[in-house]
Amino acid sequence: MKDRLTELGYSAGWRVVRALPLPVARRIFTAAADRAYKANGPGTQRLRRNLRQVVGDDMPDTLVRDGLRSYARYWLEAFRLPSQSVQQNRDGFHLVQAEEFHKVLADGNGVILALPHVGNWDAAAAWAVAHGHRLITVAERLKPESVFRRFVEYRERLGMEVVPLTGGERPPIDVLAEKAGQGYAVALLSDRDLSRNGVEVRFFGGRTRMPAGPAILALRTNAPLYAVDIWFTADRAECEIRRIELPAQEEGPLDVRVKLVTQRLADAYEIGIARHPQDWHMLQKLWL
């Protein structure tokens, strides 16, 4: 019964939010974020601790409120994305290094895009697809299964190909490497390790683990690897990409090079998150 109610809740969200006028929907989602801030539940408390790790002990608490508003905006825009036109998907997102991105893919090279939970990553994917690029990503298998299928269908409607993190016919790393070799953009959320077997890195003065997948893929395929930073402005999402240098084989065995690349990604994430901490949507425990 609980699983069915969860599915119905997501289903209603997708239908109702798309039907509302945008100004009305924005007021509703902002009000919901402000209520969550005042209620100060576990997620809000965790966000506060995470942001304090980024900003320092003199952090104004209004940053937590702004972070919740940004997270609510992500969900609002995610619910509305499937009803947007191709042109709206292009106009609602701006990549500073768009020329470089288009050229890499036009040359037939795949690209690995590693990003933290910042801004609206679904809008980034919709923008890439709207420009004719092929993009594949990995989806965490949510519970109930019906909600997982709905999220997969949602991203497929935006033009992405989706590989399940677990339970697929082939290991996701093999599928992604194959697609990168075919010229796909491979997009991976990678600031939080879901396997508990990730690579330990230094991050904002503490220790955490991040997935090894982006580093392994880049080293295995030699596809360009970029750290992605996304943040909100008043009317759209902005994005910068930072290319990560890959070590040569002479620099050590694979596990050493994977650790080196993953640390370089963490360092690149720090730059973007420090500039736009309110748009980092990390409401889970991160540091060890």
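Residues numbered from 1 in each chain as written. Predicted model: local features only at pLDDT ≥ 70, side-chain atom pairs only at ≥ 80, totals over all residues. Heavy atoms only, no water.

(A) Highlighting the nonpolar core. Among the nonpolar cores identified, the biggest contains 86 residues, and Phe93, Phe101, Phe203, Ile230 and Trp280 are the most heavily contacted of them. Not counting the four nearest positions on each side in its chain, Phe101 is found in contact with Leu95, Val111, Leu113, Trp127, Ala128, His133 and Ile241. (Core = buried A, V, L, I, M, F, W, Y, C linked by side-chain atoms within 4.5 Å. Buried < 20%, exposed > 50% of the residue type's maximum accessible area, 1.4 Å probe, protein only. Contact = heavy atoms within 4.5 Å.)

(B) Just the side chain of Asp191, in detail. Relative to the assigned elements, Asp191 resides in the loop between β5 (185–189) and β6 (199–203). Despite being buried, Asp191 has no salt bridge partner; Arg192 is the closest side chain of opposite charge, sitting 6.1 Å away. Polar side-chain contacts of Asp191 include one of 2.6 Å to the side chain of His117. A polar contact of 3.0 Å, which involves the side chain of Asp191, links it to the side chain of Trp280. The residues touching Asp191, leaving out its near neighbours within four places in the chain, are Leu115, Pro116, His117, Arg209, Met210, Pro211, Tyr269, Trp280, Met282 and Leu286. (Helix = DSSP H or I, 4+ residues; strand = E, 2+ residues; numbered from the N terminus. Lys, Arg positive; Asp, Glu negative; His and termini not counted. Salt bridge = Lys/Arg side-chain N within 4 Å of Asp/Glu carboxyl O. Polar contact = N/O pair within 3.5 Å; in protein donor to acceptor, adjacent residues only side chain to side chain.)

(C) Quick peek at the packing of aromatic side chains. All told, the structure shown has 12 aromatic pairs when counted by the stated rule. Ring centres of Tyr71 and Trp75 lie 6.3 Å apart, and the angle between their planes is 70°; on these two criteria the pair is classed as edge-to-face. Of this pair, Tyr71 and Trp75 both sit in helix α4 (residues 62–80), 4 residues apart, which is roughly one turn of that helix. Residue Tyr71 is classed as partly exposed on the basis of its relative accessible area of 25%. Relative to Phe151, the ring of Trp75 has its centre 6.1 Å away and its plane inclined at 75°; by these criteria the two rings are edge-to-face. (Phe/Tyr/Trp six-rings, centres within 6.5 Å; stacked < 30°, edge-to-face > 60°.)

Note that all results are geometric; they support no functional claim without further evidence.
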